[in-house]
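Here is what each chain is made of, one letter per residue.
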Amino acid sequence: QVQLVESGGGLVQAGGSLRLSCAASGSISSRNTMGWYRQAPGKQRELVAAITSSSMTNYADSVKGRFTISRDNAKNTVYLQMNSLKPEDTAVYYCNVRNWGATNGYWGQGTQVTVSS
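Notes on the structure follow.

Calculation criteria
- Here the residue numbering is sequential within each chain, running from 1 through the sequence in written order.
- Reporting of local features is limited, given that this is a predicted model, to residues whose pLDDT is at least 70; pairs of side-chain atoms are given and counted only at 80 or more, and all residues count toward the totals for whole chains, interfaces and linings.
- Calculated side-chain values reflect all of the structure's heavy atoms, with hydrogen atoms and water omitted.
- Should DSSP find at least two bridges between two strands, the strands are taken to pair.
- Here a strand is any run of E in DSSP of at least two residues, a helix any run of H or I of at least four, and the numbering for each starts at the N terminus.
- Here an axis means a line fitted to C-alpha atoms, over the contact stretch when the element is a helix, while the angle between two N-to-C directions is reported on a 0 to 180 degree scale.
- When two cysteine sulfur atoms lie within 2.5 Å, the pair is treated as a disulfide.
- The buried label goes to any residue with under 20% of its type's maximum accessible area, the exposed label to any with over 50%, and the partly exposed label to all in between, with areas taken from a 1.4 Å probe on protein chains only.

Side note on the sheet that holds strand 3 (residues 18-26)
Pairing between the strands of a sheet comes from backbone hydrogen bonds, and it takes one of two forms, parallel or antiparallel.
1) Next: Here four strands make up an open sheet; going across it, the order is 1-3-8-7 and the pairing antiparallel. The two strands at the open ends of the sheet, each matched to only one other strand, are strand 1 (2-7) and strand 7 (67-72). Each strand of the sheet is rotated relative to its neighbour by a mean of 15°, with strand direction disregarded.
2) Next: Bridging between strand 7 and strand 8 (residues 77-82) involves six bridges; their strand directions are antiparallel. Of the residues in strand 8, the one forming a bridge with Arg-71 is Val-78.

Here is the structure:
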């Protein structure tokens, strides 16, 4: 039904940058919310940033000013530009898409982001 393909994760030093991409395909409504979540070992999965098809955004306080979420509606692709990375940003990052009016969304398989000190 819905497939999310993530890319861009990797290993970087503190202060470095990464750009994550997530391309969605399948039963995607023209009105939807796409976002990035992350989960570190022993911690709950948390919202990092989200963006609607009308470009309204929401960021976790911990990443405001450092991360920027954007999207290409024609491609159903969401991006996360991650700058000034910190070791505490280390986590598996998951892409999510939720159609307008839907309770649940769809998840990607996750991509590892590791930030060394």
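Considering the state of the cysteines
1) Next: On inspection of all chains with the given rule, the structure shows one disulfide.
2) Next: Residue Cys-22 pairs covalently with Cys-95 via a disulfide, S to S 2.0 Å. Of note, the bridge from Cys-22 to Cys-95 carries an S-S torsion of about -90° and is left-handed in sense. Residue Cys-22 is located in strand 3, and its partner Cys-95 is located in strand 9 (residues 91-99); the two are separated by 73 residues in the primary sequence. Of the two residues, Cys-22 and Cys-95, both sit in the buried class.

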